[in-house]
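Structural characterization, general
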Amino acid sequence: MREQLLAAEKITAIEWRDGALYLLDQRLLPFEESWQACHSVAAVAEAIRSMVVRGAPAIGISAGYGALLAARARLEAGGDWRAALEVDLQLLADSRPTAVNLSWALNRMRDRLQRLKEGDDPLLALEAEAQQIHQSDREANLTMAQLGVELIRKHQGNAQNLMTHCNAGALATGGFGTALGVIRGAHLEGLVERIYADETRPWLQGSRLTAWELARDGIPVSVNADSAAAHLMKTHGITWVIVGADRISANGDVANKIGTYQLAINAMHHGVRFMVVAPSSTIDMALESGEEIPIEVRDGRELLELEGRSMGDAVGVLNPVFDVTPADLIDFIVTEKGVVERPDAAKMARLMCRKRLH
Ligand code: MRU
């Protein structure tokens, strides 16, 4: 299955070449495929903040290359470059708050610097580390796809209707996706009748990005309004909701795109299984529960602007863009270290002690 999965990798959104980071601008999809070149740490931080690149693993990978660009500039400038670099790493860390992959990647880059030996070239070492973060995310996608497909097959071995939320595909990772990786694998194995993609208000990751990815792969996909999800679970025989994650706390609570929590409640009510697919770089064992996860609140104009005009100068607006699904609403968390069924703190701790399966 691994070879078939590798052949299904058709979309790339992050490239490191000629000493610069190239990002497929996700703000312009699906209308335009345009790449943005980042030559500086400031450009990478701004690309993350403005969502040129988005999705937890993709943000982490970009931050790794951002740290490399920062180190290059600080070394050229001379002086106490390591102290100056910390300012840049903080700039990257502050670019978005919820996805823990960002600080995870920055810590890996910091650790690599600390392990430098006499005579090592810091830039070569940091470049190798950033590329390793990128490559191992791709590998994690492949492993998680296989594990997720096994779960789908085990619980019902024929073609099924699956629902997903936001975009957890090639655009959001270094490979072919977390939730969409499982969906791609399930499609290859003949286990997919149709994918129901929530449009994912307000940024429309579902209708703009997930639909684009799946349609390009020839996977049958229908876009629905987020508020249609419960109705579709009742009327369209949906068997699984499969989503990604931005941060998972030590007890198995999952922060993901706003609307995921109500999907999980609806799934439980309708007897639909709920699968979260995320690499271990998304797990934050420093946070006891999801209550501690910082939730990003974005500009209200994402909600109140229509065709460039404001619909509500006189009204308040609140735009939290993530929510936390409690662990007891989740059937499975699939990672590259293995699967946790009905997550809790003890099971998550055991998972984190395991080695990666690839
Ligand atoms: O605001 P976004 O588009 O960065 O949010 C992305 C999500 O919520 C994804 O579901 C999550 O990062 C997992 S991506 C593999």
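About the thresholds
Residues numbered from 1 in each chain as written. Predicted model: local features only at pLDDT ≥ 70, side-chain atom pairs only at ≥ 80, totals over all residues. Heavy atoms only, no water. Helix = DSSP H or I, 4+ residues; strand = E, 2+ residues; numbered from the N terminus. Rg over C-alpha atoms; globule rule 2.2 N^0.38 Å. Contact = heavy atoms within 4.5 Å. Lys, Arg positive; Asp, Glu negative; His and termini not counted. Charge placed at Lys NZ, Arg CZ, Asp CG, Glu CD. Near = heavy atom within 4 Å. Polar contact = N/O pair within 3.5 Å; in protein donor to acceptor, adjacent residues only side chain to side chain. Areas by Shrake-Rupley, 256 points an atom, 1.4 Å probe, with all protein chains shown as cover. UniProt positions renumbered as here; feature names shortened; annotations may be inferred. Buried < 20%, exposed > 50% of the residue type's maximum accessible area, 1.4 Å probe, protein only. Core = buried A, V, L, I, M, F, W, Y, C linked by side-chain atoms within 4.5 Å. Salt bridge = Lys/Arg side-chain N within 4 Å of Asp/Glu carboxyl O. Domains from an automatic or database assignment. Buried area = accessible area lost by both parts, 1.4 Å probe. Pairing = 2+ DSSP bridges. Axes fitted to C-alpha atoms, helices over the stretch in contact; angles between N-to-C directions.

In terms of helices and strands, the protein chain carries 12 helices and 16 strands. In summary, the protein chain has a C-alpha radius of gyration of 20 Å against a globular reference of 21 Å for 358 residues, a match within 12%. For the protein chain, contacts bridging at least 24 residues in sequence account for 74% of all contacts bridging at least 6. Placing the 37 positive and 47 negative side-chain charges of the protein chain at their respective mean positions leaves the two points 3 Å apart.

The environment of the ligand is formed by 19 residues, the closest being R54, Q205, D246, N256 and K257. R54 is positioned such that a nitrogen or oxygen atom in its side chain is 2.5 Å from an oxygen atom of the ligand. Residue Q205 places a side-chain N or O atom 2.8 Å away from an oxygen atom belonging to the ligand. Relative to its unbound accessible area of 420 Å², the ligand is 100% covered by the protein chains.

Moving on, we get to the UniProt feature "binding site: substrate" (unreviewed entry) in the protein chain. In this numbering, the UniProt entry assigns the feature "binding site: substrate" (unreviewed entry) to R54, G55, A56, R96, Q205, N256 and K257. Note on placement: A56 falls in helix α3 (residues 56–77). Accessibility expressed as a relative area gives 3% for A56, which makes it buried. Residues within four places of A56 in sequence aside, it is in contact with A99, N101, A172, A245 and D246.

Another point: the nonpolar core. By size, the foremost hydrophobic cluster in this structure holds 48 residues, and its most contacted members are I14, L21, L23, Y65, L92 and L171. The set of elements that each furnish at least two residues to this core consists of β1 (14–17), β2 (20–24), α2 (41–49), α3, α4 (81–93), α5 (101–114), α6 (122–155) and α8 (205–216). No other element matches the 11 residues that α3 contributes to this core. Contact partners of L23, with chain neighbours within four places excluded, come to A13, I14, S34, W35, Q36, C38, A47, V52, V53 and S62. Core analysis: the second largest hydrophobic core is formed by 25 residues, A245, I283, V340 and L351 among them.

On to the pattern of salt bridges, then. When charged atoms on two side chains of opposite charge get close, those side chains can pair. For the structure shown, the criterion picks out 19 salt bridges. The salt bridge involving R138 is made with E9; its shortest N-O contact spans 2.8 Å. You can see R138 sitting in helix α6 and its partner E9 sitting in the loop between α1 (2–7) and β1, a full 129 residues away along the chain. Notably, a salt bridge pairs R298 with E296, separated by 2.6 Å at the nearest N-O pair. Here R298 falls in the buried class, since its relative accessible area comes to 16%. Because the salt bridges share partners, they merge into one network encompassing R96, E296, R298 and E302.

Turning to the environment of G271, a few remarks are in order. Within the secondary structure, G271 sits in the loop between α10 (260–270) and β10 (273–277). Residue classification places G271 among the exposed residues on the basis of a relative accessible area of 64%. Between the C-alpha atoms of G271 and T239, which are 32 residues apart in sequence, the distance is 8.0 Å.

Under the domain assignment used here, the protein chain contains domain 1 (2–135) and domain 2 (141–352). Tallying the contact residues gives 33 residues for domain 1 and 41 residues for domain 2. Looking only at domain 1, the three residues that lose the most surface to domain 2 are L5, I11 and T98, adding up to 23% of its buried area. There are two salt bridges connecting domain 1 and domain 2. For E296, the salt bridge is made with R96, and the minimal N-O distance between the two is 2.8 Å. Our enumeration of links across domain 1 and domain 2 arrives at 16 residue pairs in polar contact (both at pLDDT 80 or more).

The next subject is the sheet that holds strand β5 (residues 192–198). Pairing in this open sheet of seven strands is mixed, and the strands run β6-β5-β4-β7-β10-β15-β16 from one edge to the other. At either margin of the open sheet sits one strand with a lone partner, and together these are β6 (221–224) and β16 (338–341). Each strand axis lies, on average, 25° off the axis of its neighbour in the sheet, ignoring direction. As judged from the four bridges shared by strand β7 (residues 238–243) and β10, these two strands associate in the parallel manner. For W240, the partnering residue across the bridge sits in β10 and is R273. Running at roughly 145° to strand β15 (residues 332–335), α6 makes contact with β4 (160–164), β7, β10, β15 and β16 of the sheet.

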